Amino acid sequence: MGSVDDTARLRLLNDLGRAFAARIEIDRLVPFVIRPSREVLNAGGASVLLLDDERQEFYFPYVAEDEAEVAEALLALRFPADRGIAGVVLETGRPLRVDDAQRDARFYGGVDERTGIVTRNVLAAPLASHHGTIGVLQVINHQGPGPFSDDDLALLEALAGSVAIALENARLYAQVKASAERLQTEVGALRRDVARSQLFSEIVGTGDAMADVFRLMESAAAAPIAVLVEGETGTGKELVARMVHRASPRAEASFLAVNCAALPETLLESELFGHKRGAFTGAVQDRRGLFEAADGGTIFLDEIGEMPASMQPKLLRVLQEGEVTPLGETRPRKVDVRLVSATNRDLEAAMKEGAFREDLYYRVAAFPIRLPPLRERREDIPLLVDRLLGVGRSRQKKDVPGIDAAALECLTRFDWPGNVRELQNEIERAIALAHAGELITCQHLSPKLLPRDGSVMPAVEGAVMAVVGAKTSSGARTSLRQARTAFEVRFIGEVLRQQNGNVSRAAEALGLSRVALQKKMKEHGLRDL
Ligand SMILES: Nc1ncnc2c1ncn2[C@@H]1O[C@H](COP(=O)(O)OP(=O)(O)OP(=O)(O)O)[C@@H](O)[C@H]1O
Ligand SMILES: [Mg+2]
């Protein structure tokens, strides 16, 4: 063995050692090992065999084979960990040199069979990590005269030592990376949850219907895309528009709202785009339009479906060119405004009927968010009631502690044509009607909310509260006995009505005998109905 050779080998070891420190992914590491091993040892082939601990099998994690078929066969190949030269090395933990493989009893011919390679001689060294031997580094078929030498074996052993450590590091790295990625995903999800709960906390919504809305709001907030909020009256369109702005990078700039239905045409135009002094009668001085005032922020066009036809091309121009021309001016001014619009009309239908320009529709409705009506998300009503009670209590400065079950039941069942706003009005009204310290009951609700099917529970709850209420309003003391009697009278009366005056059935419903009920009816002066 010449000294030039030795120097080359030392350099290789050195280079590999350094490269291993940087090269940390298994699938990149293995090919990096195989090629130089084959070259420096002048071998016909080199391979890394890894141990599958669970199945106690060897497999090839990577194959340096030019022939696709052979490569495929090797990649699919697995053999028992106690077979072949590799098996011996694994078991003993010592390197092994075999000069005539075909005549060696320990040799496993399975690999040759599958690949068509004829293995003549072999060098194999254990990949020894801190956790034991994890595989075998192997070269076959010395290309020079004669088999491999002991020097070659020593070199392979040295190589295998650093390869094993590098592999172990790669494995640890992969684990750490996987858990870091998992954490990253979790953190991302948590962060989104927090953002959602903080930013959108003013909006009550717990069911799937509102979950979709929140998701859309989040995406809308992130991009400067034009948002169209669609929904029936009182579903929270303006609230959503404000929250999208507040969650967007424009949150620091202004959010300016204008109702397109509320202003006559010229005023709307000057409101939006501004005017020069003298542009029309009454324009006594220059005025900046909302688009300019909202520069860098968001403009909210409420009831955009009501925008007059003559205004639509002007709005389209602003959206297309990003510039406004105030009335009476000739030179346009650049503006950077995000548009959020709202409509309770079917804007798409309006467009199809020709009432709304098609090109404007697609500009305005780039990102639609549809708000479900309250009757499609009744699950949110109790929470909304709670929230609205809190708001109403502080607005009216009246301590109404809550609402009873029957009244809540009525609120939840009702169809709410006016949605959240109507619910809000109903709660405000109930707070106004209730006495301080008193729960809201069916008595305090509008008659339209009371069930027509005469179901007993709300009536009974109402009766209880009426008795308690009577005490509070009159200021007179009602003893529990009196209250109980009053309740009994109302309750029995209600059940009798339910049963159309049939005493037997009423008694059954009340859990009394017929005789006992008749006695009570007599006592309270209740007549058969
Ligand atoms: N999901 C909700 N959570 C809490 N409050 C809500 C919700 N939706 C609506 N509101 C409240 O209901 C009222 C009506 O909401 P908003 O004005 O945003 O509705 P709108 O869809 O713009 O109605 P309109 O079509 O009549 O203009 C507001 O006081 C709003 O704060
Ligand atoms: Mg509105």
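Residues numbered from 1 in each chain as written. Chains lettered and ligands numbered in written order. Predicted model: local features only at pLDDT ≥ 70, side-chain atom pairs only at ≥ 80, totals over all residues.

## Some points on the overall build of the chain
To be explicit about the condition: Labels follow the DSSP assignment, with helices taken as runs of H or I lasting at least four residues and strands as runs of E lasting at least two, numbered in each case from the N terminus. With C-beta atoms placed from the backbone, a residue is buried if 20 or more other C-beta atoms are within 10 Å of its own, exposed if 12 or fewer are, and partly exposed between those counts. A pair of residues counts as a contact when their C-beta atoms, built from backbone coordinates, are separated by no more than 7 Å.
On a plain count of helices and strands, the chain comes out with 20 helices and 15 strands. Counting across all 529 residues of the chain, residues that qualify as buried make up 31%. Sequence separation of 24 or more characterises 68% of the internal contacts of the chain that already satisfy a separation of 6 or more.

## Observations regarding the site of ligand 1
Test applied: As a rule, any residue with its backbone-derived C-beta atom within 6 Å of a molecule or strand is reported as near that molecule or strand. Start and end positions for the domains come from either an automated domain assignment or a database one.
Residues in contact with ligand 1 amount to 18 residues; listed here are only the nearest, Val204, Gly236, Lys237, Glu238 and Val420. Counting contributing residues per domain, the shell around ligand 1 is built from domain 2 (218-372) and domain 3 (378-523), each supplying no fewer than three.

## A closer look at the environment of Val385
By secondary structure assignment, the location of Val385 is in helix H14 (residues 381-396). Spatially, the C-alpha atom of Val385 lies 7.3 Å from that of Ile427, the residues being 42 residues apart in sequence. In this structure, Val385 is in contact with Ile403, Leu408, Leu411 and Ile427, ignoring residues within four places of it in sequence.

## Considerations on the pairing of strand S14 (residues 338-343)
Put simply, the rule reads: Any two strands between which DSSP finds at least two bridges are classified as paired.
Burial within S14 is extensive, with 6 of its 6 residues counted as buried. Residues of S14 alternate between two faces, with Arg338, Val340 and Ala342 on one and Leu339, Ser341 and Thr343 on the opposite face, all of them buried. Note that strand S11 (residues 298-302) and S14 share 4 bridges and pair parallel. Across the sheet, the residue bridging to Thr298 is Arg338, located in S14.

## Some details on the environment of Ala283
Note on placement: Ala283 falls in the loop between strand S9 (274-275) and strand S10 (287-288). What makes Ala283 partly exposed here is the crowd of 18 C-beta atoms within 10 Å. For the pair formed by Ala283 and Ser270, sequence separation is 13 residues and the distance between their alpha carbons is 9.4 Å. With residues up to four places along the chain from it excluded, the contact list for Ala283 reads His275, Arg277 and Gly278.

## Structural notes on the packing of helix H18 (residues 480-498) against helix H19 (residues 503-510)
Think of two packed helices as two axes; the pair is described by the angle between the axes and how far apart they sit. Put simply, the rule is: Comment: axis = line fitted to C-alpha atoms, over the contacting stretch for helices; angle = value between 0 and 180 degrees taken between N-to-C directions. By definition in this entry, angles of less than 35 degrees are roughly parallel, angles greater than 145 are roughly antiparallel, angles of 65 to 115 are roughly perpendicular, and the rest are oblique. Handedness of a crossing is defined here by the sense of rotation of the near helix relative to the far one, left-handed for an anticlockwise turn of less than a right angle and right-handed for a clockwise turn. Throughout, the ten residues Ala, Val, Leu, Ile, Met, Phe, Trp, Tyr, Cys and Pro are labelled nonpolar, Asp, Glu, Lys and Arg are labelled charged, and all others, Gly among them, are labelled polar.
At a closest axis distance of 9 Å, the pairing of H18 and H19 adopts a crossing angle of 125°. Put simply, H18 runs oblique to H19. Like other packed secondary-structure pairs, H18 and H19 cross with a definite hand, here right-handed. When H18 is examined against H19, the residues Ile492, Val495 and Leu496 are found in contact with a partner set consisting of Ala506, Ala509 and Leu510. Residues of the contact of H18 with H19, tallied by class, amount to 6 nonpolar, no polar and no charged.

## Some remarks on the sheet that holds strand S6 (residues 132-142)
Here we have 6 strands laid out as an open sheet, ordered S3-S2-S1-S6-S5-S4, and antiparallel in their pairing. The sheet is open, and its two edges are formed by strand S3 (78-80) and strand S4 (96-98), each paired on a single side. Strand-to-strand, the axes of this sheet are offset by a mean angle of 25°, without reference to chain direction. Where strand S5 (residues 122-129) and S6 come together, 8 bridges link them in antiparallel fashion. Each residue of the ladder has a partner; that of Val122, found in S6, is Ile140. Where helix H4 (residues 84-92) meets the sheet, it contacts strand S1 (43-52), strand S2 (57-59), S3, S4, S5 and S6, and its direction lies at approximately 40° from that of S5.

## Some details on the sheet that holds strand S7 (residues 227-230)
With parallel pairing, the 5 strands of this open sheet are ordered in space as S8-S11-S14-S7-S15. Of all strands in the sheet, those with a lone pairing partner are strand S8 (255-259) and strand S15 (367-370), marking the two edges. Shown here is a sheet whose adjacent strand axes are inclined to one another by a mean of 20°, direction ignored.

## A few points about the nonpolar core
Where we set the bar: One nonpolar core equals one set of buried Ala, Val, Leu, Ile, Met, Phe, Trp, Tyr and Cys residues connected by C-beta atoms within 7 Å.
One finds Met217, Val229, Val240, Val244, Phe291 and Ala407 to be the most contacted residues of the largest nonpolar core, which totals 64 residues. Lining this core are residues from two domains, each supplying at least three of them: domain 2 (218-372) and domain 3 (378-523). Non-local contacts of Ala407, meaning those with residues more than four positions away in its chain, are made with Ile440, Thr441, Cys442 and Leu445. Counting residues in each nonpolar core, the second largest holds 41 residues, with Val33, Val40, Tyr62 and Ala125 among its members.

## Quick look at the environment of Ser37
Structurally, Ser37 can be placed in helix H2 (residues 26-40). The sequence separation of Ser37 and Arg9 amounts to 28 residues, and the corresponding C-alpha distance is 9.8 Å. In this structure, Ser37 is in contact with Ala46, Leu137, Val139 and Leu159, ignoring residues within four places of it in sequence.

## Things to note about unusual backbone geometry
Non-glycine residue Gln56 carries a positive phi angle of around 50°. Within the secondary structure layout, Gln56 lies in the loop between S1 and S2.

## Thoughts on the packing of H19 against helix H20 (residues 514-523)
At a minimum axis distance of 9 Å, the contact between H19 and H20 shows a crossing angle of 100°. In terms of axis orientation, H19 runs roughly perpendicular to H20. Two secondary-structure elements touch here, H19 through Val503, Ser504, Ala506, Ala507 and Leu510 and H20 through Arg514, Leu517 and Gln518. Considering only residue class, the contact of H19 with H20 consists of 5 nonpolar, 2 polar and 1 charged.

## Notes on helix H9 (residues 265-273)
Among all positions of H9, only Leu268, Glu269, Ser270, Leu272 and Phe273 are buried. The secondary structure elements touched by the buried residues of H9 are S8, S9, S10, helix H10 (290-293), helix H11 (312-321) and strand S12 (323-324).

On their own, these measurements won't tell you what the molecule is for.
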